[in-house]
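# Overview (structure and organization)
If you want the building blocks of each chain, they are given just below.
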Amino acid sequence: MRDCTIYYFMKKNITFSLLEKIQKTQLRKTILNIKILHDKRMHDTKQLQVLNNYEQEYIKKIYKEIVFGICVHKWIHYNDFIILLRKIIQDNEIFLKKNDNILKKSILNWFKHENKRKIWHILNIKNKKKILKSKKIQARILNDNDIQLKFLKKG
């Protein structure tokens, strides 16, 4: 009977440790994904800043040309270019917001995996304590049996 309970606890121990290892690998993957998304976000933010700066410089350039006089065809080209540049900036802002949402979801996913890993770790520790306690009890029983046998042989 005692052998079965020890085997049962050992089997649970293997299961808990396996589940804990699986959660650790999931955590590593999630952390790697978060790092990639963060790097991508930083790159996209810099790109958006460059586009905004370029738009501001271009608007200043147009303003100077308007002050000194500008041809209608040149004005149309400048205007078309600024409209196109603003559309690109707007698309980049939308893309950046989507990436931020993905990043937030990944961080929430990381929290879930971390909580699961902690749970499996706690269960693994508790189970190891139960196994150790069962082994100690079984060792005491065997020791008691040996002592009784020695007394019976002497007796």
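Residues numbered from 1 in each chain as written. Predicted model: local features only at pLDDT ≥ 70, side-chain atom pairs only at ≥ 80, totals over all residues. Heavy atoms only, no water.

## Notes on the overall build of the chain
The test is simple: Strands are runs of DSSP state E lasting at least two residues, helices are runs of H or I lasting at least four, and both sets are numbered from the N terminus onward. Burial classes follow relative accessibility: with a 1.4 Å probe on protein chains only, a residue under 20% of its type's maximum area counts as buried, one over 50% as exposed, and anything between as partly exposed. Residue contacts are defined here by distance: any two heavy atoms, one from each residue, within 4.5 Å place the two residues in contact. What sets the accessible areas is the Shrake-Rupley method with a 1.4 Å probe; for residues, cover comes only from the shown protein chains.
Of regular secondary structure, the chain possesses two helices and zero strands. Counting only C-alpha atoms, the chain reaches 125 × 20 × 15 Å along its principal axes. Counting only residues that meet the buried cut, the chain has 21% of its 155 residues in that class. The contacts in the chain between residues at least 6 apart in sequence include a share of 88% that link residues at least 24 apart. Split by element, the accessible area of the chain, about 12,600 Å² in all, is 63% carbon and sulfur.

## Topic: the packing of aromatic side chains
Worth spelling out the cut-off: Two aromatic rings from Phe, Tyr or Trp, using only the six-membered ring of Trp, form a pair when their centres are within 6.5 Å; if the ring planes differ by under 30 degrees the pair is stacked, by over 60 it is edge-to-face, and anything between is tilted.
Under the defined criterion, the tally for this structure stands at five aromatic pairs. Aromatic pair Tyr58 and Tyr78: ring centres 5.3 Å apart, planes at 65°, arrangement edge-to-face. Of the two residues, Tyr58 sits in helix α1 (residues 2–68) while Tyr78 sits in helix α2 (residues 72–154), which places them 20 residues apart along the sequence. As far as burial versus exposure is concerned, Tyr58 and Tyr78 are alike and both buried. With centroids separated by 4.5 Å and ring planes inclined at 50°, the aromatic side chains of Tyr58 and Phe81 adopt a geometry described as tilted. With Tyr58 in helix α1 and Phe81 in helix α2, this residue pair connects regions lying 23 residues apart in the sequence. Aromatic ring contacts, followed pair by pair, group Tyr54, Tyr58, Tyr78 and Phe81 into a single cluster.

## What about the nonpolar core?
Applicable threshold: By nonpolar core is meant a set of buried Ala, Val, Leu, Ile, Met, Phe, Trp, Tyr and Cys residues that side-chain atoms within 4.5 Å join together.
Leu48, Leu51, Leu85, Ile89 and Leu96 form the largest nonpolar core, which has five residues in total. With three residues, the top contributor of residues to this core is α2. Excluding residues within four positions of it along the chain, Ile89 makes contact with Leu48, Leu51, Asn52 and Glu55.

## Notes on the pattern of salt bridges
A side chain with one charge may pair with a side chain of the opposite charge, provided their charged atoms come close. Let me state the cut-off plainly: For this analysis, a salt bridge means a side-chain nitrogen from Lys or Arg found within 4 Å of a carboxyl oxygen belonging to Asp or Glu.
Applying the stated criterion to the full structure yields six salt bridges. Close ionic contact of Asp100 with Arg41 constitutes a salt bridge, the shortest N to O distance being 2.5 Å. Of this pair, Asp100 sits in helix α2 while Arg41 sits in helix α1, placing them 59 residues apart in sequence. Of the charged contacts in the structure, one is a salt bridge between Glu65 and Lys74, with a shortest N-O distance of 3.3 Å. Glu65 sits in the partly exposed class, given a relative accessible area of 22%.

## Topic: the side chain of His113
With respect to the secondary-structure elements, His113 resides in helix α2. On the accessibility criterion, His113 (11% relative accessible area) is buried. Here His113 is in contact with Gln23, Gln26, Leu27 and Thr30, once residues within four sequence places are set aside.

## Quick look at the environment of Lys150
Residue placement: Lys150 occurs in helix α2. The exposed category is assigned to Lys150, whose relative accessible area is 56%. Expressed as a C-alpha distance, the spacing of Lys150 and Ile22, which sit 128 residues apart in the sequence, is 49 Å.

## With respect to the environment of Ser106
Looking at where Ser106 falls in the secondary structure, it is placed in helix α2. On the basis of relative accessibility, which here comes to 8%, the residue Ser106 falls in the buried class. Discounting residues that sit within four places of it in the chain, Ser106 has contacts with Thr30, Asn33, Ile34 and Leu37.

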